[in-house]
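Fold and geometry: a report
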Amino acid sequence: MDGRNARDDWWRHAVVYQIYPRSFADASGDGIGDIAGIRSKLPHLAALGVDAIWISPWYPSPMADAGYDVSDYRDIEPLFGTLAEADALIAEAHEAGIKIIIDIVPNHTSDQHALFQAALAAAPGSPERELYVFREGRGTDNELPPNDWQSNFGGPAWTRVPDGQWYLHLFAPAQPDVNWRHPEVRAEFEQTLRFWFDRGIDGFRIDVAHGLEKDWELPDLDGLVFPLADDAEADHPHWDQPAVHEIFREWRRIADEYSPARAFCGEIWVGRPHRLAAYLRPDELHTAFNFDFLMAPWLLGELRSVIDATIASHAAVGAPPTWVLGNHDVCRPVSRYAREQAGLKPMARHLDDFAELPADFDLGRLRTRSAALLMLALPGGAYVYQGEELGLPEAEGIPAEALQDPIWFQSGGTEKGRDGCRVPLPWNASGDSLGFSPEGSAAPWLPQPSDWTALAADAQDGVPDSTLELYRAALKLRHQLDELGDGTLRWLDGPADTLVFTRPAGAGEHRFECWTNFGVASVTLPQGRVLLASGDLDADGNLPSDTTVWMSR
Ligand code: GLC
């Protein structure tokens, strides 16, 4: 690991690998991934060359939303292991030079959390109910929800309890929203931050960070669509409320008490770059996911404008940009890029958004490899979702009876949701669960596609043109070349249909260039040395369609 990763501002350039613990590696043999499995794969992560890992929620949870329904923020889910194992993982990751970020879910708890259970047991109007969002309904007999807000997973955002009151849940009914106006809620979460910071965690990924504050008058949406089209529109009553920034200023003060200072990455869906950047002012969050990049179609003009807008908006607040192609909530990029890119609807990101379109998976993989090299050459940090380094596609054929995402249930079986990107990883080309669990274990919690053997990590290990070796080589070069990581970008004039930029770094003899060809015909590369290519160059050494190279000139 290079010296940059030992610096306090490691988050300005880090490649962060997302671990979805249910699906990463299962050591206990119950078909569900666990902390022991993560520990066993640390050598894979160190060899890959990632700077940090982010672990999706590992807390005790009834698993109504795969762990994003937390019933105790200061312990470990027994399916995943114990606090002692978490401590061991933190220590071992640090020994390997890898930082560790965990998920915090502050918008809602599980309905099994002690505070929500106490609220249910207490009377309407009691102090216990104040910690959540309980209201009387509308209609003659309280029989209608208090307003027209909808759950993100489908259906009304309100559920009625036996005494007649309703509670708010922007996600599943098993995920009641908490009342961020209440000092006890703030104190609870601050205690959780400290609990994990004290155990050596390097930072948090903040779930639904733009949702914590609401317009507490709880007005109807009346058809208001988010993201809002422009600033002239009325505020949205439950996304991106201005008061949310004060919460993160307080969290930043806490992170800064530690040495080295701890870092935050926000999950913030706000649509417009300057609204996102507002969360990244110097006294707020350090970084945020760049979902505009993730959702941008594989088209030169659209990608370039997202890159420009990202860099400009982040520079305005002094924050490093980040780049991301996938996560546990969206269709894997191989399958997204396998579809015709022109005409994808705005915000298209779930398999359900384009499952009907014809798919060319070889093309999808070619473009994804190209996108990965492009992304890893851009200034700032990057996120790699587990399995991207293997080139996994979305599992599109999971049978209905195996689906588990609450979206599937709350949409009444009309939307498959996110299970297709959450399928347990193939580690070995042979064996019952492709090495996900020990032989003879329970079946993986989601079925693995039968054609994943060639994509298994051990089938790609040491194979020069494999996706795994491409990622390893790219991350190695990121550590070796001073130009890569944080810094600036300068566009260069390339041939038609190419995106070409350099990453200036002082007065080096050589200059780094990243070339991507979005056109149909191959283009001639300039004099220089090709450091890495996302696919084969053609016989004349020219850059074919949908291919990216890193060059030293
Ligand atoms: C975030 C998570 C997602 C979860 C939701 C509710 O968007 O990434 O997986 O379902 O929040 O917690």
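Our subject is the structure that appears above.
We now turn to the structure provided with this report. All of these numbers come straight from a predicted model, not from anything done at the bench.

Secondary structure assignment for the protein chain yields 17 helices and 16 strands. Its C-alpha radius of gyration of 23 Å places the protein chain within 12% of the 24 Å reference for a compact globule of 553 residues. By its C-alpha atoms, the protein chain is 75 × 60 × 50 Å across when sized along the principal axes. By residue count, 60% of the 553 residues in the protein chain fall in the buried class. Of the contacts made within the protein chain by residues no fewer than 6 positions apart, 66% connect residues no fewer than 24 positions apart. Put simply, the protein chain shows about 20,200 Å² of open surface, and 52% of that area lies on carbon and sulfur atoms. Here the protein chain carries 45 positive and 85 negative side-chain charges, and the mean point of each set is 5 Å from the other.

Moving on, we come to the layout of surface pockets. Here the largest pocket defines a volume of roughly 890 Å³. Taken together, 35 residues line the largest pocket, and the ones lying closest to its centre are N152, F171, W239, R349 and H350. Of the residues assigned to the lining of the largest pocket, the class counts are 14 nonpolar, 12 polar and nine charged. Here the second largest pocket defines a volume of roughly 300 Å³. Of all the elements in the fold, those that place two or more residues in the lining of the second largest pocket are α10 (291-295) and α11 (300-315). By residue number, the principal contributor to the lining of the second largest pocket is α11, which donates three residues. Residues belonging to the lining of the second largest pocket are distributed by class as follows: eight nonpolar, two polar and three charged.

This part covers the side chain of R262. With respect to the secondary-structure elements, R262 resides in the loop between α8 (244-256) and β8 (263-266). Summary of buried charges: R262 has no salt-bridge partner, and the nearest side chain of opposite charge, D202, is 5.4 Å away. In terms of polar contacts, R262 uses its side chain to reach the backbone carbonyl oxygen of I201, at 2.9 Å. Those residues within four positions of R262 in sequence are excluded, and the remaining contacts are F197, G200, I201, D202, A255 and H286.

So, about empty space enclosed by the protein. The tally for this structure, following the rule as stated, stands at six cavities of 30 Å³ or more. Along the wall of the largest cavity there are 16 residues; nearest its centre are W11, V16, I101, T287 and Y383. Every element with two or more residues in the lining of the largest cavity is listed here: β7 (203-206), β8 and β11 (381-385). Residue composition of the lining of the largest cavity, by class: 11 nonpolar, five polar and no charged.

The contact between helix α7 (residues 183-198) and α8 brings their axes to 11 Å, and the two run at 30°. Between α7 and α8, the angle falls in the class roughly parallel. The hand of the α7/α8 crossing is right-handed. Counting all contacts with α7, which are made through R186, F189, E190, L193, R194 and F197, the residues of α8 involved are I247, E250, W251, I254 and A255. Its residues assigned to classes, the contact of α7 with α8 comprises seven nonpolar, no polar and four charged.

Once that is clear, we can look at unusual backbone geometry. Of note, the amide linkage connecting F226 to P227 takes the cis form, showing an omega dihedral of -5°. Inspection of the secondary structure puts P227 in the loop between β7 and α8. A positive phi angle is found at A66, which is not glycine, with a value near 50°. As for its position among the elements, A66 is in the loop between β2 (52-55) and α4 (83-95). By relative accessible area, A66 is classed as buried at 14%. For M347, which is not a glycine, the phi torsion comes out positive at approximately 70°.

With respect to burial, strand β14 (residues 512-517) is a largely interior element, six of its six residues being buried. Burial along β14 is two-sided: F512, C514 and T516 and E513, W515 and N517, pointing in opposite directions, are all buried. In terms of strand pairing, strand β13 (residues 498-502) meets β14 through five bridges, oriented antiparallel. Looking across to β14, one finds that L499 is bridged to T516. Where β14 meets strand β16 (residues 547-552), six bridges bridge the pair, whose relative direction is antiparallel. By the bridge assignment, W515 is partnered in β16 with V549.

Glancing now at the nonpolar core. Residues Y17, W58, F248, W251 and W550 are the most contacted members of the largest nonpolar core, which totals 141 residues. Per element, the largest residue contribution to this core is seven residues, and it comes from helix α14 (residues 361-377). Once residues lying within four places of it in the same chain are set aside, the contact partners of W58 are I35, D75, I76, E77, F80, A86, L89, I102 and W196. By size, the runner-up hydrophobic cluster in this structure holds 16 residues, among which are W158, A172, W216 and W239.

Glancing now at α4. Taking 1.5 Å of rise per residue, the 13 residues of α4 would be expected to cover 18 Å, and the 18 Å separating its terminal C-alpha atoms lies within 8% of that figure. Among the residues of α4, those classed as buried are A86, L89, I90 and A93. Considered in projection along α4, the buried side chains sweep an arc of 100° and stay on one side of the axis. For α4, exposure combined with an orientation more than 90 degrees from the buried face picks out A84 and E95.

What follows deals with the state of the cysteines. Cysteine pairs can be linked by a disulfide, which is a covalent bond between their two sulfur atoms. One pass over the full model with this rule turns up zero disulfides. In this structure C421 is not part of a disulfide, and its nearest cysteine sulfur, from C331, lies 7.7 Å away. For C421, a relative accessible area of 1% puts it in the buried group.

Each value, and the rule that gives it
- Residues numbered from 1 in each chain as written.
- Predicted model: local features only at pLDDT ≥ 70, side-chain atom pairs only at ≥ 80, totals over all residues.
- Heavy atoms only, no water.
- Helix = DSSP H or I, 4+ residues; strand = E, 2+ residues; numbered from the N terminus.
- Rg over C-alpha atoms; globule rule 2.2 N^0.38 Å.
- Buried < 20%, exposed > 50% of the residue type's maximum accessible area, 1.4 Å probe, protein only.
- Contact = heavy atoms within 4.5 Å.
- Areas by Shrake-Rupley, 256 points an atom, 1.4 Å probe, with all protein chains shown as cover.
- Lys, Arg positive; Asp, Glu negative; His and termini not counted.
- Charge placed at Lys NZ, Arg CZ, Asp CG, Glu CD.
- 1 Å grid on protein atoms, 1.4 Å probe; cavity = no way out; pocket = protein on both sides within 12 Å on 5 of 7 lines; lining within 4 Å.
- Points joined across faces, edges and corners; volume = space filled by probe spheres on them.
- Nonpolar A, V, L, I, M, F, W, Y, C, P; charged D, E, K, R; others polar.
- Salt bridge = Lys/Arg side-chain N within 4 Å of Asp/Glu carboxyl O.
- Polar contact = N/O pair within 3.5 Å; in protein donor to acceptor, adjacent residues only side chain to side chain.
- Axes fitted to C-alpha atoms, helices over the stretch in contact; angles between N-to-C directions.
- Parallel < 35°, antiparallel > 145°, perpendicular 65-115°, else oblique.
- Left-handed = near helix turned anticlockwise from the far one by under 90°.
- Pairing = 2+ DSSP bridges.
- Core = buried A, V, L, I, M, F, W, Y, C linked by side-chain atoms within 4.5 Å.
- Expected span 1.5 Å × (residues − 1).
- Arc of directions from axis to C-beta.
- Disulfide = S-S within 2.5 Å.

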